[in-house]
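Structural description and commentary
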Amino acid sequence: MKALLLESIHPFAESILREAGFEVETRTGALDEPELIDALQGVDVVGIRSKTEITPTVLEKAGGLTAIGAFCIGTNQIALDDAATRGIATFNAPFSNTRSVVELAIAEIIAMARRLTEKDSSLHKGVWDKNSKGSHEIRGRKLGIVGYGNIGSQLSVVAEMLGLQVYFYDTDDKLAMGNAHRCGSLDELLETAEVITLHVDGRAGNAGFFGAEQFAKMRPRSLFLNLSRGFVVDYDSLRENLLSGHIAGAAVDVFPTEPKKRGEAFESPLQGIPNVILTPHVGGSTEEAQEDIGRFVAGKLRDYVERGTTTLSVNLPSLTLEERAGAGEGRRITHLHRNTPGVLAKVNSILAEHGVNIEGQLLNTRGENGYVVTDVAQLPDAAITDLRAMPETIQLRIIG
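Residues numbered from 1 in each chain as written. Predicted model: local features only at pLDDT ≥ 70, side-chain atom pairs only at ≥ 80, totals over all residues. Heavy atoms only, no water.

Moving on to the sheet that holds strand β13 (residues 331-338). Pairing is antiparallel across the open sheet formed by four strands, whose spatial order is β14-β15-β13-β16. Each edge of the open sheet is held by one strand with a lone partner, namely β14 (358-366) and β16 (393-399). Across the sheet, the mean angle from the axis of one strand to that of its neighbour is 10 degrees, orientation sign disregarded. The pairing of β14 with strand β15 (residues 369-376) spans eight bridges and is classified as antiparallel. Its bridge partner being in β15, Gly 360 is matched across the sheet by Asp 375. Running over the sheet, helix α11 (residues 287-307) touches β13, β15 and β16 and is turned about 85 degrees from β16. Packed onto the sheet, helix α13 (residues 381-389) meets β13 and β16 and runs at close to 155 degrees relative to β16. (Pairing = 2+ DSSP bridges. Helix = DSSP H or I, 4+ residues; strand = E, 2+ residues; numbered from the N terminus. Axes fitted to C-alpha atoms, helices over the stretch in contact; angles between N-to-C directions. Contact = heavy atoms within 4.5 Å.)

Next comes the structure, spelled out in structure tokens:
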């Protein structure tokens with residue numbers, strides 16, 4: 001089998017896949033749609049980060065693709081539903097870089113509160129500007145977290161340890177960590193907190209949700225951070241609020257349009273404004289995080305190809321069927337199908353008709369899809385043909 005890894009994915013991922021028997025091709029940058037379609041010919045597994053988009057057209061024309069690995073948190077760059085209907089499992093790394101993002105957020109809050117970037121710039125220009133005006137401790141300040149998922153909740157814990165009072169808002173009912181206070185609405189959070197930081201996901205409904213109206217409701221001289229998605233914020237409005245002084249500082253790590261490769265030109269309306277920290281989407285870009293992401297996602301891809309395991313898949317039913325002790329001579333059937341009543345009975349009826357004894361079996365469903373993994377001692381070709389011919393079958397794989 002062949003794997004294609006794009007966007008400078010950590011070498012750890014390549015070594016895991018090579019050890020599993022894959023032929024691995026690596027590339028440093030992202031690919032646009034035509035380039036990606038060409039590159040995926042003959043490829044079974046592809047690994048990407050945030051810059052490569054896997055569209056329905058890509059999926060349609062990359063007929064041999066079995067699995068997709070998003071070596072990052074977000075998966076909005078992948079047509080997940082289309083992948084599922086084609087039986088292409090998709091995995092991401094929901095936890096591996098959370099600490100890196102949290103540490104960057106904390107560092108930027110402190111840097112803005114102390115106006116460190118301005119002090120640094122002055123000294124590089126030969127100006128000694130030693131004064132305390134506009135510099136503050138973060139201890140006792142009110143931090144408002146928008147989005148209380150893996151990153152937001154961990155930030156909550158670390159921030160509280162540093163003496164910040166934590167408030168959060170999430171559309172889902174999330175359990176507060178430590179002494180954090182849940183706000184009943186976004187408006188309540190904006191009116192309360194002195195620092196606002198966004199950690200929302202990439203769902204389409206979040207596009208442009210933070211703009212002029214929300215900035216106007218923030219407390220005067222607040223700080224603002226966005227380490228989530230570039231398209232959720234109106235940056236022209238943020239610029240206006242920074243220039244007017246309503247917002248005292250901002251830190252932005254994500255942008256609506258980002259260069260595909262390192263070294264390419266970049267433009268933003270936030271460039272050149274004092275006490276604004278701009279970073280090139282590096283929230284999760286630490287060596288520790290990238291190594292762990294490489295290990296985690298490559299391991300998921302390997303386990304899916306070798307054993308049919310879909311645990312933590314973002315688009316298929318999650319399932320792990322442990323191998324029997326002493327197994328190895330038998331075969332494993334993975335059957336992805338449309339989730340309609342009676343499919344499991346049909347699968348087992350076909351196996352029984354061909355004299356196949358089931359040694360282990362597990363079924364799970366997710367939305368319109370069902371997924372059943374079955375271990376058998378032997379499997380006649382005729383049974384495979386009949387299983388594949390079932391009208392509900394999306395994908396049938398035989399392992400072993």
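The next point concerns helix α5 (residues 98-113). Spanning 16 residues, α5 covers 23 Å between terminal C-alpha atoms, matching the ideal 22 Å at 1.5 Å per step. Burial runs high along α5: 12 of the 16 residues are buried. Restricting attention to buried positions, one finds in α5 the residues Thr 98, Ser 100, Val 101, Val 102, Leu 104, Ala 105, Ile 106, Glu 108, Ile 109, Ala 111, Met 112 and Ala 113. Looking at the residues trailing α5, positive phi occurs at Arg 115, about 55 degrees. (Expected span 1.5 Å × (residues − 1). Buried < 20%, exposed > 50% of the residue type's maximum accessible area, 1.4 Å probe, protein only.)

On the surface, Ile 110, Leu 116 and Leu 162 cluster together into a nonpolar patch covering about 230 Å² of accessible area. Relative to the helices and strands, Leu 116 is located in helix α6 (residues 116-124). The class for Leu 116 is partly exposed, based on a relative accessible area of 42%. (Patch = residues over 30% accessible without salt bridge, like charges linked within 9 Å, V, L, I, M, F, W, Y side chains within 5 Å. Areas by Shrake-Rupley, 256 points an atom, 1.4 Å probe, with all protein chains shown as cover. Salt bridge = Lys/Arg side-chain N within 4 Å of Asp/Glu carboxyl O.)

Taking strand neighbours across the sheet as the criterion, the seven strands line up as β8-β7-β6-β9-β10-β11-β12 in an open arrangement whose pairing is parallel. For this open sheet the edge positions go to β8 (181-182) and β12 (276-278), each flanked by a neighbour on one side alone. Bridge count between strand β6 (residues 142-146) and strand β7 (residues 165-169): five bridges; the pairing is parallel. In the sheet register, Val 146 faces β7, and the bridge partner there is Tyr 169. Packed onto the sheet, helix α7 (residues 150-161) meets β6, β7 and β9 (195-198) and runs at close to 170 degrees relative to β6.

This structure, assessed with the given rule, holds 18 salt bridges. Between Glu 103 and Arg 99 there is a salt bridge; the shortest N-O distance is 3.1 Å. Within this pair, Glu 103 and its partner Arg 99 are both found in helix α5, separated by four residues, close to a single helical turn. Residue Arg 99 is classed as partly exposed on the basis of its relative accessible area, which comes to 42%. Where Arg 307 meets Asp 303, a salt bridge forms, and the shortest distance between an N and an O atom there is 2.9 Å. Residue Arg 307 and its partner Asp 303 are located together in helix α11, separated by four residues, close to a single helical turn. A relative accessible area of 14% means that Asp 303 is categorised as buried.

Next up on the list: the environment of Val 372. Within the secondary structure layout, Val 372 lies in strand β15. On the basis of relative accessible area, Val 372 is assigned to the buried category, the value being 1%. A C-alpha to C-alpha distance of 27 Å links Val 372 and Glu 19, two positions 353 residues apart in sequence. Sequence-distant contacts of Val 372, defined by excluding residues within four places in its chain, comprise Ile 333, Thr 334, His 335, His 337, Leu 344, Gln 361, Leu 362 and Leu 363.

As a further point, take the packing of helix α12 (residues 343-353) against α13. Across the interface, α12 lies against α13 with an axial gap of 9 Å and an inter-helix angle of 160 degrees. Judged on the interaxial angle alone, α13 and α12 are roughly antiparallel. Remark: the crossing between α12 and α13 carries right-handed chirality. Residues Val 347, Ile 350 and Leu 351 of α12 pack against Ala 383, Asp 386 and Leu 387 of α13. Class assignment of the residues belonging to the contact of α12 with α13 gives a composition of five nonpolar, no polar and one charged. (Parallel < 35°, antiparallel > 145°, perpendicular 65-115°, else oblique. Left-handed = near helix turned anticlockwise from the far one by under 90°. Nonpolar A, V, L, I, M, F, W, Y, C, P; charged D, E, K, R; others polar.)

Read these as layout, nothing more, since geometry by itself doesn't imply function.
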